[in-house]
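# Report on the structure
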Amino acid sequence: MLDKAIHILLSRKFAVELLVIMVVLLILGTSLPDISGMTPREAETLQAAKPLLFRISAALQLQSLIASPYFLILPLLIFLSTAACTARRSRSGARKEGGFLHEASGASDMGPEEIGALLASERWRVTRSGDSITADKGSFGFWGSIVFHLGLLLIFVAVVISSLTQFNAELLLTEGFPVRLGRDTFVKIYKGNGLASLPPATVLLRKFTSEYENDVYEKDFAAHLLIDGKEREVHVNRPADIGDFQIALHRFGFAPSFRITDSTGKEILNATINLVLAGGQEDSFRIPGTPYEVQARFFPDFATEGKRIGSRTPVPNNPVFLLRVTEQGREMGEGLIGLNRTETIGGLTITFDGLNYWADMIVSRDYGLWFFAGSVFLIVLGLAVRFGLSDKQLVVTAGEGRISIRGWCKYYPMFFEDQVQRIIDKAAAGKYNSTS
Amino acid sequence: MNPVEGFLLWSSIFVLLFAFFGYLTGTVFKKERLFTISHRGTLAACVLMAAAIGVRWIATGHIPVMGTYENSLVGAWTVVVGLVVAGRYFPRGTLLSLVLLPLALLIVGNGIMTNAVLAPLEPPYQSPWLYVHVLFAWFAFGAYLLASTVGGLYLVRSRAEGRDGVERIREFLPPLRKLDEICLRFIIFGFITDAVMIGAGAIWARGLWGRYWGWDPIETWSLISWLTYGINLHLRLTLGWKGKKAAWVALLSFVGILISFFGFGLVEGVHTQIMKPR
Ligand code: HEM
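Residues numbered from 1 in each chain as written. Chains lettered and ligands numbered in written order. Predicted model: local features only at pLDDT ≥ 70, side-chain atom pairs only at ≥ 80, totals over all residues. Heavy atoms only, no water.

We now examine the environment of arginine 402 of chain A. Residues and elements named next belong to chain A. Inspection of the secondary structure puts arginine 402 in strand E22 (residues 402–409). Sequence separation of arginine 402 and glycine 106 is 296 residues, and the distance between their C-alpha atoms is 5.8 Å. Residues in contact with arginine 402, not counting those within four places in the same chain, are Ser105, Gly106, Ala107, Ser108 and Thr397. (Helix = DSSP H or I, 4+ residues; strand = E, 2+ residues; numbered from the N terminus. Contact = heavy atoms within 4.5 Å.)

What follows is the structure, encoded as structure tokens:
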């Protein structure tokens with residue numbers, strides 16, 4: 001039983017079949033509709049219209065596929081098969097198998113001695129027995145193949161380490177509001193390993209800066225943080241460290257402060273609100289404990305053109321909100337409001353008394369990366385050695401006015417045949433010239 | 001587009017068009033001289049395009065990797081470089097050129113129709129790993145493209161073998177065994193550079209999104225492509241596939257790469273998400 005399993009694992013055909021299955025599953029996975037990303041209604045519609053497609057997608061769509069324990073069997077088999085094959089091959093060492101054979105012969109006055117010297121001068125490793133000479137080159141390439149497959153195995157190690165140690169969560173910071181890191185401070189925790197070892201640091205978004213070239217093109221965004229009182233600048237792509245964890249800038253937006261009183265003069269809101277809006281887009285917020293909802297459109301650099309209103313640039317040079325107040329869905333009124341102004345809109349008195357940024361940070365930890373990077377290094381090194389040193393061997397017999405070569409090469413027969421021919425030509429020229 | 005860049009690019013386009021018609025006329029009317037001129041034209045266009053890329057690089061202060069125009073410019077250039085490299089193995093280089101020159105022109109034409117404005121590198125792209133990632137992505141893409149083209153030409157030649165008119169094909173295509181080996185070499189080159197591309201992308205992603213692999217559609221397709229060429233190599237090197245079978249696999253494998261490449265603009269993955277106020 002075990003013997004049979006090992007036999008299958010060692011089979012080269014089986015390895016290819018596993019890879020083909022993997023590729024087919026991944027192609028299906030990316031092409032099928034993603035049910036987990038649909039709204040419940042969309043999912044229901046699909047289920048009603050195409051029940052079969054719905055069922056297949058639910059099982060094989062990439063996100064479901066990679067989460068399924070059954071899917072793990074496949075990489076596991078690939079791992080075992082690669083491991084078994086690599087172990088056996090390293091034990092048995094380099095063998096001249098597969099590849100191409102080529103025979104050629106020609107006239108030559110050179111004896112075995114001279115032919116050996118000729119080959120040695122061209123960096124062949126020469127061994128002689130009687131009239132026959134064996135010359136090797138690039139047999140070290142075999143070990144490139146082993147290193148390459150070891151690199152492949154290391155990827156699996158990296159993935160396992162990642163899935164056991166990975167932490168990845170979203171932390172929302174608003175300018176001026178400190179946050180103490182802990183389980184409850186995250187908006188969303190995607191991967192929760194090692195939360196306990198997260199230092200309970202206090203993080204404050206002291207200031208957020210955005211730079212645009214000619215006020216149009218995004219150039220630099222930076223969150224200026226105080227982490228336990230220490231200044232850290234986090235730019236996109238340039239994260240900072242908190243212990244073993246990394247904190248990276250993911251998204252940002254505007255957080256206006258509004259003070260609102262109702263028609264009786266009672267203050268019903270005084271808060272800084274994180275709005276999710278790009279210039280000109282809408283977001284809305286409810287006023288807690290009241291029937292009011294406010295829809296907000298933001299113009300960072302407000303300008304009018306005839307009757308049209310808009311934003312000249314994405315830079316908050318002249319921040320203005322267009323606010324629409326509704327009471328239980330009924331529209332009460334709408335109006336524009338600039339920074340540090342007070343307006344009455346839909347019966348509410350609204351003061352826009354501050355504009356800050358919010359920054360959405362990704363706090364993460366992943367020890368797998370270094371194994372992954374290491375495996376890519378081994379893979380590239382191994383392949384370069386394997387294919388850069390073309391493994392080949394010549395068995396040459398010389399004497400009585402003739403030279404004949406039986407050659408074997410692992411790859412590149414065309415190149416090899418030319419090379420064999422050149423040797424024959426040199427031998428025919430009769431004289432071994434060490435400078436040639 | 002900067003005026004010097006525009007001049008260089010348009011000149012290269014005209015030279016490429018000229019070379020294409022040179023090859024076409026040369027093939028149809030058997031004019032040997034036209035092949036030589038067209039070959040020189042292709043070389044000149046390659047240099048002109050490289051200069052256009054260099055000028056743009058200096059003008060924007062960053063490697064041209066952003067947006068359809070810059071990607072098309074570098075992509076078309078990669079195809080022309082590939083043509084120059086592989087063309088050495090093809091008698092007169094003509095058949096390969098007749099396939100690849102229109103392709104390069106299509107890619108660059110598609111790019112020119114989009115916005116070619118000079119803009120600084122957006123923040124997510126500001127990473128040295130990106131340079132490695134993009135450079136090797138182009139190497140890999142170019143090599144795979146050539147592998148499939150050579151695979152296709154293998155099939156053309158093998159169909160022609162033993163029929164009338166085969167002499168004509170022989171004038172333009174190297175022997176089958178040679179085509180087979182050239183195809184293998186491009187697959188190997190692509191496979192290695194693809195691995196570097198994926199590795200650099202992963203390290204970049206870790207700093208940007210906090211994870212090195214996230215199964216987004218583009219990442220998954222890049223894995224699919226790499227595995228597909230891994231299968232190609234296994235079939236050829238461990239199971240000994242050669243000839244027509246291997247050529248078909250090389251040709252069809254490229255379909256996967258194309259989907260992944262054009263998926264760039266179409267698929268809603270993190271790869272298409274840039275830093276904007278949201
Ligand atoms: C599934 C388990 C695997 C097994 C049992 C296996 C086995 C082998 C063997 C025995 C060779 C040697 C060919 C020779 O020297 O004649 C080989 C070569 C090769 N394998 Fe794999 N392999 C596996 C997985 C993979 C994977 C996942 C890839 C990458 C996609 C891959 C890519 C290659 C490449 C590129 C070669 C040619 C270079 C060389 O000779 O080392 N292999 N494989």
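There is more to say after this.
Glancing now at the site of the ligand. In the region of the ligand, 24 residues are neighbours, and Ser145, His149, Arg386 and Lys410 of chain A together with His234 of chain B sit closest. Near the ligand, residues from chains A and B are present, making the site a shared one. Between the ligand and arginine 386 of chain A there is a distance of 2.8 Å, counted from an oxygen atom to a side-chain nitrogen or oxygen. Elements represented by at least two residues in the shell around the ligand include exactly helix H2 (12–31), helix H6 (69–92), helix H8 (141–165) and helix H9 (368–388) of chain A together with helix H8 (217–237) of chain B. Considering each element in turn, the shell around the ligand owes the most residues, six residues, to H8 of chain B. Partitioning the shell around the ligand into residue classes produces 13 nonpolar, seven polar and four charged. (Near = heavy atom within 4 Å. Polar contact = N/O pair within 3.5 Å; in protein donor to acceptor, adjacent residues only side chain to side chain. Nonpolar A, V, L, I, M, F, W, Y, C, P; charged D, E, K, R; others polar.)

Leu225, Ile247, Phe258 and Met361 of chain A together with Trp226 of chain B are the most contacted members of the largest nonpolar core, which totals 162 residues. The element best represented in this core is helix H7 (residues 176–209) of chain B, accounting for 19 residues. Among all residues touching phenylalanine 258 of chain A, those that are not within four sequence positions of it are Leu269, Asn270, Ala271, Ile273, Phe285, Phe321, Leu323, Ile350, Thr351, Phe352 and Asp353 of chain A. If you look at the next biggest cluster of nonpolar residues, it comprises 19 residues, including Met110, Ile115, Ile405 and Val420 of chain A. (Core = buried A, V, L, I, M, F, W, Y, C linked by side-chain atoms within 4.5 Å. Buried < 20%, exposed > 50% of the residue type's maximum accessible area, 1.4 Å probe, protein only.)

Take the side chain of glutamine 246 of chain A next. Note on placement: glutamine 246 of chain A falls in strand E11 (residues 245–261). There is a polar contact of 2.8 Å between the side chain of glutamine 246 of chain A and the backbone oxygen of arginine 206 of chain B. Not counting the four nearest positions on each side in its chain, glutamine 246 of chain A is found in contact with Pro239, Ala240, Asp241, Ile362, Val363 and Ser364 of chain A together with Arg206, Gly207 and Gly210 of chain B.

With that out of the way, let us pick up the packing of aromatic side chains. One pass over the structure, following the stated rule, counts 33 aromatic pairs over all chains. Measuring from centroid to centroid gives 5.2 Å for phenylalanine 321 of chain A and phenylalanine 352 of chain A, while their planes differ by 80 degrees, and the two rings are edge-to-face. Placement of the pair is phenylalanine 321 of chain A in strand E17 (residues 320–327) and phenylalanine 352 of chain A in strand E20 (residues 348–365), with a sequence separation of 31 residues. Relative accessible area serves as the criterion here: at 0%, phenylalanine 352 of chain A is assigned to the buried category. Ring centres 6.4 Å apart and planes at 40 degrees place the aromatic pair tryptophan 10 of chain B and phenylalanine 14 of chain B in the tilted group. Here phenylalanine 14 of chain B and tryptophan 10 of chain B lie together in helix H1 (residues 3–29), a separation of four residues that amounts to about one turn. Taken together through their ring pairs, the aromatic side chains of Phe208, Tyr212, Phe221, Phe252, Phe254, Phe258, Phe285, Phe298, Phe321, Phe352 and Tyr357 of chain A make up a single cluster. For the cation-ring pair, lysine 245 of chain B lies above tryptophan 241 of chain B, with the distance from its terminal atom to the ring centre recorded as 4.2 Å. (Phe/Tyr/Trp six-rings, centres within 6.5 Å; stacked < 30°, edge-to-face > 60°. Lys NZ or Arg CZ within 6 Å of the ring centre and 35° of its normal.)

A separate point is the packing of helix H3 (residues 67–87) of chain B against helix H5 (residues 128–160) of chain B. All names here are of chain B. For the pair H3 and H5, interaxial distance at closest approach is 9 Å and the crossing angle is 50 degrees. Comparing the axis directions of H3 and H5 gives the class oblique. H3 and H5 meet at a crossing whose hand is right-handed. Contacts between H3 and H5 involve Asn71, Val74, Gly75, Thr78, Val79, Gly82 and Ala86 from the former and Trp138, Gly142, Leu145 and Leu146 from the latter. (Axes fitted to C-alpha atoms, helices over the stretch in contact; angles between N-to-C directions. Parallel < 35°, antiparallel > 145°, perpendicular 65-115°, else oblique. Left-handed = near helix turned anticlockwise from the far one by under 90°.)

Bringing the interface of chain B and chain A into the picture now. Listed as interface residues are 54 residues of chain B and, on the opposing side, 66 residues of chain A. Taken together, the two surfaces of chain B and chain A that pack against each other cover about 5,300 Å², and 70% of this comes from carbon and sulfur. Taken together, chain B and chain A are joined by one salt bridge. Across the salt bridge formed by arginine 177 of chain B and glutamate 417 of chain A, the nearest N and O atoms sit 2.4 Å from each other. Here chain B and chain A share nine residue pairs in polar contact (both at pLDDT 80 or more) between them. Listed by contribution, the elements that provide at least two residues to the side of chain B that touches chain A are H7 and H8 of chain B. The greatest single-element share of the side of chain B that touches chain A, amounting to 18 residues, is contributed by H7 of chain B. In the side of chain B that touches chain A, the residues fall into 34 nonpolar, 10 polar and 10 charged. (Buried area = accessible area lost by both parts, 1.4 Å probe. Salt bridge = Lys/Arg side-chain N within 4 Å of Asp/Glu carboxyl O.)

Moving on, we get to the state of the cysteines. Counted by the stated rule, this structure contains zero disulfides over all chains. For cysteine 409 of chain A, which is in no disulfide, the shortest distance to another cysteine sulfur is to cysteine 183 of chain B and amounts to 17 Å. (Disulfide = S-S within 2.5 Å.)

We now examine the pairing of strand E2 (residues 125–129) of chain A. Residue and element names in this part refer to chain A. Where E2 and strand E3 (residues 132–137) come together, five bridges link them in antiparallel fashion. In the strand pairing of E3, threonine 127 is matched with threonine 134. Linking E2 to E3, which pair antiparallel, is a turn of two residues; within it glycine 130 sits at a positive phi near 60 degrees. (Pairing = 2+ DSSP bridges.)

Residues and elements named next belong to chain A. In space, the four strands of this open sheet follow the order E13-E14-E17-E18, with antiparallel pairing throughout. The open sheet is flanked by strand E13 (282–286) and strand E18 (330–338), the only strands paired with a single partner. In this sheet, adjacent strand axes meet at a mean angle of 20 degrees when their direction is disregarded.

Packed helix pairs are specified by the crossing angle of their axes together with the interaxial distance, meaning the distance between the axes. Residues and elements named next belong to chain B. For the pair H1 and helix H4 (residues 94–112), interaxial distance at closest approach is 10 Å and the crossing angle is 150 degrees. Classified by the angle their axes make, H1 and H4 are roughly antiparallel. Once H1 is placed against H4, the crossing between them reads as left-handed. Taking contact as the criterion, the partners of Leu9, Trp10, Ile13, Leu16, Leu17, Ala19, Phe20, Tyr23, Leu24 and Thr27 in H1 are, on H4, Thr94, Ser97, Leu98, Leu101, Pro102, Leu105, Val108 and Ile112. Residues belonging to the contact of H1 with H4 are distributed by class as follows: 15 nonpolar, three polar and no charged.

Residues and elements named next belong to chain B. On the surface, Met1, Trp10, Phe14, Leu17, Phe21, Leu24, Val28 and Phe29 cluster together into a nonpolar patch covering about 790 Å² of accessible area. Topologically, leucine 17 is positioned in helix H1. A residue is classified by how much of its surface remains accessible, and leucine 17, at 32% relative accessible area, is partly exposed. (Patch = residues over 30% accessible without salt bridge, like charges linked within 9 Å, V, L, I, M, F, W, Y side chains within 5 Å. Areas by Shrake-Rupley, 256 points an atom, 1.4 Å probe, with all protein chains shown as cover.)

It is worth stressing that arrangement in space is one thing and function is another; only the former is reported here.
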